[in-house]
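Observations on the model geometry
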Amino acid sequence: GAGVSQSPSNKVTEKGKDVELRCDPISGHTALYWYRQSLGQGLEFLIYFQGNSAPDKSGLPSDRFSAERTGGSVSTLTIQRTQQEDSAVYLCASSFRGRGPNSNQPQHFGDGTRLSIL
Amino acid sequence: AQSVTQPDIHITVSEGASLELRCNYSYGATPYLFWYVQSPGQGLQLLLKYFSGDTLVQGIKGFEAEFKRSQSSFNLRKPSVHWSDAAEYFCAVGAYSSASKIIFGSGTRLSIRP
């Protein structure tokens, strides 16, 4: 597709269950980001993938959170043993990050996955 | 490390009035700066960006922003707001290095008074 696609759009699960959230970035985009947005809050950075470099995981809130990006394209964010405080909208964004001037191109966002933990 | 501050959590302006949303950044070198808008239930849409060159940048939907290095600011402006501009606005800063992430401010919610 033309944009960043996230699935599912909504996910309701019970506390303690594991969840997987998927992000399909724009084709050719080398950078992929995950953010968390709690109700009425700003964007909390979670993790950043850039090409073949080691991901920047500095924003992951606990070891229950992990993410992978297979083949430099699709990414999956996994939350294990979910807690109620994990309820939020999880946003994925992708961009083209090259080298040299103007290499830091704007991010394109998906519509997010709204995660609700009962 | 870079950081972004949006000092106004919520702003209300009358339809047709002018608008200025504040953004202050902290970064040791020349930053890349962005403004995004988020409508309810939607992802973020890029309004405009500054990389280099002219410090006054024009964006979509009639928005503009001015990069002021001396004040470490990148304020968003619009001369006359429309009811459809009601949304959440986020300022973001990125660094030259492709290894670094883009950091977002906490956002400013804009309400429009009829």
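Scroll up to find the structure.
A brief look at the structure comes next. (Residues numbered from 1 in each chain as written. Chains lettered and ligands numbered in written order. Predicted model: local features only at pLDDT ≥ 70, side-chain atom pairs only at ≥ 80, totals over all residues. Heavy atoms only, no water.)

Moving on, we come to the overall build of chain B. Summing up its helical and strand segments, chain B has zero helices and twelve strands in all. Ordering the α and β elements of chain B from the N terminus gives β-β-β-β-β-β-β-β-β-β-β-β. For chain B, whose C-alpha radius of gyration is 14 Å, the value lies close to the compact-globule estimate of 13 Å for 114 residues. Along the three orthogonal principal directions, the C-alpha set of chain B runs to about 45 × 30 × 20 Å. Taking all 114 residues of chain B together, the buried fraction comes to 50%. Taking contacts inside chain B between residues at least 6 apart in sequence as the whole, the part at least 24 apart equals 54%. (Helix = DSSP H or I, 4+ residues; strand = E, 2+ residues; numbered from the N terminus. Rg over C-alpha atoms; globule rule 2.2 N^0.38 Å. Buried < 20%, exposed > 50% of the residue type's maximum accessible area, 1.4 Å probe, protein only. Contact = heavy atoms within 4.5 Å.)

With that settled, consider the sheet that holds strand S3 (residues 19-24) of chain A. Residue and element names in this part refer to chain A. One open sheet holds the four strands; their spatial order is S1-S3-S7-S6, and the pairing between them is antiparallel. Strands with a single pairing partner mark the edges of an open sheet, and in this sheet they are strand S1 (5-7) and strand S6 (65-69). Across the sheet, the axes of successive neighbouring strands diverge by a mean angle of 15°, strand direction being ignored. As paired elements, S1 and S3 share three bridges and run antiparallel to each other. The partner of Ser5 across the bridge, within S3, is Asp24. (Pairing = 2+ DSSP bridges. Axes fitted to C-alpha atoms, helices over the stretch in contact; angles between N-to-C directions.)

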